[in-house]
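A structural walkthrough
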Amino acid sequence: MRKIGLLTSGGDSPGMNAAIRAVVRTALYYDMEVYGIRHGYQGMIEGDIFQMKTTDVANIIQRGGTILKTARSDAFKTDEGRKAAYDQLQKHGIEALVLIGGDGTFRGAVEFFKQYTIPAVGLPGTIDKDLSGSDFTIGFDTAVNTAVEAIDKIRDTAEAHDRLFVIEVMGRDAGYIALNSGIACGAEDILIPEIMTDIEDVLCRIDSDERRSKSVHILVVAEGDEFGGAAEVAKRIIERFPKIDTRYAVLGHIQRGGSPTYADRVLASRLGYAAVLALRENKTQVMTGIVNGDITYTPFQQVIKTNAGISTDMIEMIRVLSV
Ligand code: F6P
């Protein structure tokens, strides 16, 4: 195949640009043409497609965001939308696709390829790390480091005021950012969507910490936790312990931006390079990943996360370490 289409879709993640660079440069090296599709599946539907040159990806390895832009497309969830997208690929003579994105991107891919036959390879690009088939996803390491930096700063002011802070990190359906930033910041507790938490238990632990006069108490909450995020958890704490000086902070989209860490740049470069080689070897409808240091290829339908992978042992560990 000579002409490949390349897109980023869903929430952006730091390192997507490094992945774009690797795909474009590898494809050009092997005499393929690369067509950038702006704004993900939405741009595919609208035919927002342009031929990419090696200079288009110069000086982007260190930049957050995605030069191809991204979007969440409702139209691509419809038969009409997917047909329009396929028609655009035909019109531009695109013979294969490279898709960079997260859970929604691969769900979209599975539907699309049920109806249309076109070789494709995916790369896991999401801060949430909510995909199977790779130990890490592009952007996760940067997002966790950003969260850690922010939480450390909040700890300084929390300690100065003897306050309890509830800090909300991203992750609508996934608690990996909360779990890892919580461990790294010495949080007293974390609340994540994968594991049901009894709020009474959380309040009990606060009570015993209070009796021991802990000067700082940090709770890290994933945005998708069952209680509805940091504001709601803080409200419950204030209702029960009006004397504890409690605040909450929502870290929000700062976790999606910024220059990617070295780990995300290397991951993105390896996966982008591997994706083009996979297409050349006719390994298609798979996502490239890295498992135990080695490149792997997992069929699209198997990468969609089932929420396995977070064990209650880790939560227990956080509570033991914060005693
Ligand atoms: O890309 C993943 C993610 O950042 C989730 O953690 C978060 O729930 C969601 O995207 C937010 O999406 P949006 O920026 O579209 O509001």
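Residues numbered from 1 in each chain as written. Predicted model: local features only at pLDDT ≥ 70, side-chain atom pairs only at ≥ 80, totals over all residues. Heavy atoms only, no water.

To keep things clear, this is the line we draw: UniProt positions are given in the numbering used here, feature names are shortened, and annotations may be inferred rather than shown by experiment.
If you check an unreviewed UniProt entry, the protein appears there as ATP-dependent 6-phosphofructokinase from Taibaiella soli. The UniProt entry for the protein carries the following comment under Pathway (unreviewed entry): "Carbohydrate degradation; glycolysis; D-glyceraldehyde 3-phosphate and glycerone phosphate from D-glucose: step 3/4." Regarding the protein, the relevant UniProt record gives this comment under Subcellular location (unreviewed entry): "Cytoplasm".

**Quick word on the sheet that holds strand β9 (residues 246-250)**
Here is the rule: Here, strands pair whenever DSSP counts at least two bridges between them. A run of H or I in DSSP counts as a helix once it spans at least four residues, and a run of E counts as a strand once it spans at least two, with each numbered from the N terminus. Every axis in this analysis is a line fitted to C-alpha atoms, fitted for helices over the stretch in contact. Angles between the N-to-C directions lie between 0 and 180 degrees.
Taken together, the four strands give an open sheet; going across it, the order is β7-β8-β6-β9, and neighbouring strands pair in parallel fashion. Whereas interior strands pair on both sides, the edge strands pair on one side only; in this sheet they are β7 (189-191) and β9. Neighbour to neighbour, the strand axes of the sheet diverge by 20° on average, direction disregarded. With five bridges joining them, strand β6 (residues 164-169) and β9 adopt parallel strand pairing. Residue pairing across strands places Ile167 opposite Ala249, the latter belonging to β9.

**Observations regarding the site of the ligand**
Heads up, the condition is: Whether a residue is near a molecule or strand depends on its heavy atoms: if one lies within 4 Å, it is near. Under the rule applied, a polar contact is a pair of N or O atoms within 3.5 Å (in protein, one hydrogen donor and one hydrogen acceptor; residues adjacent in sequence only if both atoms are side-chain atoms). Here the accessible surface of atoms and residues is derived via Shrake-Rupley with a 1.4 Å probe, and residues count as covered only by protein chains that are part of the display. Cavity means a closed set of points on a 1 Å grid over the protein atoms alone, one where a 1.4 Å probe fits but cannot get out, pocket means an open set with protein on both sides within 12 Å along at least 5 of 7 lines, and lining means a residue has an atom within 4 Å of a point. More than half of a molecule's atoms lying within 2 Å of a cavity's or pocket's grid points is what places that molecule inside it.
If you check the shell around the ligand, you find Gly11, Arg72, Ile127, Asp128, Met170, Gly171, Arg172, Glu223, His253 and Arg256 and nothing else. His253 is positioned such that a nitrogen or oxygen atom in its side chain is 2.8 Å from an oxygen atom of the ligand. Protein contact buries 80% of the 400 Å² of open area that the ligand shows by itself. The pocket occupied by the ligand, as judged from atoms lying within 2 Å of grid points, is the largest pocket.

**Some remarks on the sheet that holds strand β4 (residues 96-101)**
Counted only if it meets this: Contact criterion: two residues are considered in contact whenever any of their non-hydrogen atoms come within 4.5 Å of each other.
The seven strands are arranged β3-β2-β1-β4-β5-β10-β11 in an open sheet whose pairing can be described as mixed. Among the strands making up the open sheet, the edge pair consists of β3 (49-52) and β11 (294-299). The sheet shows a mean angle of 30° between the axes of neighbouring strands, taken without regard to direction. Where helix α1 (residues 16-29) meets the sheet, its contacts fall on β1 (3-8), β2 (33-37), β3, β4 and β5 (120-124), and the angle it forms with β1 comes to roughly 175°.

**Remarks on helix α5 (residues 140-161)**
Heads up, the condition is: Expected helix span is taken as 1.5 Å per residue step, with the number of steps being one fewer than the number of residues. Between buried and exposed lies partly exposed: a residue is buried under 20% and exposed over 50% of the maximum accessible area for its type, with that area taken using a 1.4 Å probe on protein chains only.
With 22 residues, α5 should reach 32 Å at 1.5 Å per residue; the first-to-last C-alpha distance of 31 Å fits that figure. Along α5, the positions that sit buried rather than exposed are Phe140, Thr142, Ala143, Val144, Thr146, Ala147, Val148, Ala150, Ile151, Ile154 and Ala158. In the stretch just after α5, Asp162 is the one whose phi turns positive, near 55°.

**Some details on the domain arrangement of the protein**
How big an interface is tends to be reported as the loss of accessible area on association of its parts. Worth spelling out the cut-off: Residue ranges assigned to each domain were obtained from an automatic or database domain assignment. Here's the idea: put two parts together, see how much 1.4 Å probe accessible area each one loses, and the total over both is what we call buried area. We count a salt bridge whenever a side-chain nitrogen from Lys or Arg sits within 4 Å of a carboxyl oxygen from Asp or Glu.
Per the domain assignment, the segments making up the protein are domain 1 (3-139 + 260-305) and domain 2 (143-256). A straight line from the C-alpha centre of domain 1 to that of domain 2 covers 34 Å. Taken residue by residue, the interface counts twelve residues in domain 1 and ten residues in domain 2. Buried area between domain 1 and domain 2, summed over both chains or domains, comes out near 920 Å², and the portion from carbon and sulfur atoms is 52%. On inspection of domain 1 and its partner domain 2, the count reaches one salt bridge. Between Asp12 and Arg256 there is a salt bridge, with its nearest N and O atoms 2.8 Å apart. Where domain 1 meets domain 2, there are two residue pairs in polar contact (both at pLDDT 80 or more).

**Examining unusual backbone geometry**
A positive phi angle is found at Lys69, which is not glycine, with a value near 60°. Topologically, Lys69 is positioned in the loop between β3 and α3 (79-91). The class for Lys69 is partly exposed, based on a relative accessible area of 45%. Of note in this structure, Asn282 is not a glycine but carries a positive phi near 60°. With respect to the helices and strands, the residue Asn282 is situated in the loop between α9 (262-280) and β10 (286-291). Assessed through its relative accessible area of 59%, Asn282 is described here as exposed.

**Digging into the side chain of Lys129**
Which entries qualify depends on this criterion: Charge counting treats Lys and Arg as positive and Asp and Glu as negative, with His and both chain ends excluded.
Secondary-structure assignment places Lys129 in the loop between β5 and α5. One buried charged side chain, Lys129, makes no salt bridge at all; its nearest oppositely charged neighbour is Asp135, positioned 6.8 Å away. Here Lys129 is in contact with Asp135, Phe136, Thr137, Phe140 and Tyr176, once residues within four sequence places are set aside.

**Quick notes on the pattern of salt bridges**
Scanning all chains against the criterion turns up 18 salt bridges. Put simply, Lys114 and Glu111 hold a salt bridge, and the shortest N to O gap is 2.9 Å. On the criterion of helical spacing, the pair formed by Lys114 and Glu111 is a turn pair, its members being three residues apart in helix α4 (residues 103-115). What makes Lys114 exposed here is its relative accessible area of 62%. In this structure Glu111 comes out as partly exposed when scored by relative accessible area, which is 32%. One network of salt bridges, in which partners are shared, links Arg163, Asp245 and Arg247.

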